[in-house]
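Here are the chains, one letter per residue:
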Amino acid sequence: MFVPSGWWHQVLNEEDTLSVNHNWINATNLPWAWELLQKQRDVICKDLPDCAEDECSAQEVLELKYGHGYVSFLGFMTSALKAELRRAYSLLS
């Protein structure tokens, strides 16, 4: 089953089930994902005062809780952009 970005959904498994899924970041929801990451950083700093004083700690909590901090998110975006540029250049060759 494909669920488009931003769509609410709910699943009820009526028997033992194996679910293989992933929450994807794509070109459509990239701005939303970045905004969410920034908001969650603010929440972390509000809830954990030590993180408000130590950006490294705030980023570590983001990494642990959401799978990305600012640096890894930038790396993800850079990698995706490089792949798209390689694809575009190959079309020109």
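Calculation criteria
- Residues numbered from 1 in each chain as written.
- Predicted model: local features only at pLDDT ≥ 70, side-chain atom pairs only at ≥ 80, totals over all residues.
- Heavy atoms only, no water.
- Salt bridge = Lys/Arg side-chain N within 4 Å of Asp/Glu carboxyl O.
- Helix = DSSP H or I, 4+ residues; strand = E, 2+ residues; numbered from the N terminus.
- Buried < 20%, exposed > 50% of the residue type's maximum accessible area, 1.4 Å probe, protein only.
- Expected span 1.5 Å × (residues − 1).
- Arc of directions from axis to C-beta.
- Contact = heavy atoms within 4.5 Å.

K.L.:
Explain the pattern of salt bridges to me, please; I cannot follow it from the model alone.
P.N.:
Side-chain pairing between opposite charges can occur once the charged atoms of the two side chains come close. Tallied over the full model, the rule gives four salt bridges. In this structure, Arg-41 engages Glu-55 in a salt bridge whose closest nitrogen and oxygen atoms are separated by 2.6 Å. A residue pair is termed long-range when its members are at least 10 positions apart, and Arg-41 in helix α1 (residues 30-47) and Glu-55 in helix α3 (residues 55-66) qualify at 14 residues. Arg-41 sits in the buried class, given a relative accessible area of 17%. Since its relative accessible area comes to 34%, Glu-55 is described here as partly exposed. Bridged by salt links that share partners, the residues Arg-41, Asp-42 and Glu-55 form one connected network.

K.L.:
Could you clarify how one ought to interpret α1 in this entry?
P.N.:
For an α-helix the count is 3.6 residues per turn, leaving residues at separations of three or four pointing the same way. Taking 1.5 Å as the rise per residue, α1 with 18 residues should run 26 Å; its terminal C-alpha atoms sit 26 Å apart, in good agreement. All of the buried residues in α1 are Ala-33, Leu-37, Gln-40, Arg-41, Ile-44 and Cys-45. All buried residues of α1 lie within an arc of 140 degrees about the axis, which places them on one face of the element. Within α1, the exposed residues directed more than 90 degrees away from the buried face are Pro-31, Trp-32 and Lys-46. On its buried face, α1 is in contact with α2 (49-53), α3 and α4 (70-92).

K.L.:
Help me out: how do you make sense of the side chain of Asn-29 in this one?
P.N.:
With respect to the secondary-structure elements, Asn-29 resides in the segment before α1. Classification of Asn-29 as buried rests on a relative accessible area of 9%. Aside from chain neighbours lying at most four places away, what touches Asn-29 is Ser-5 and Trp-24.

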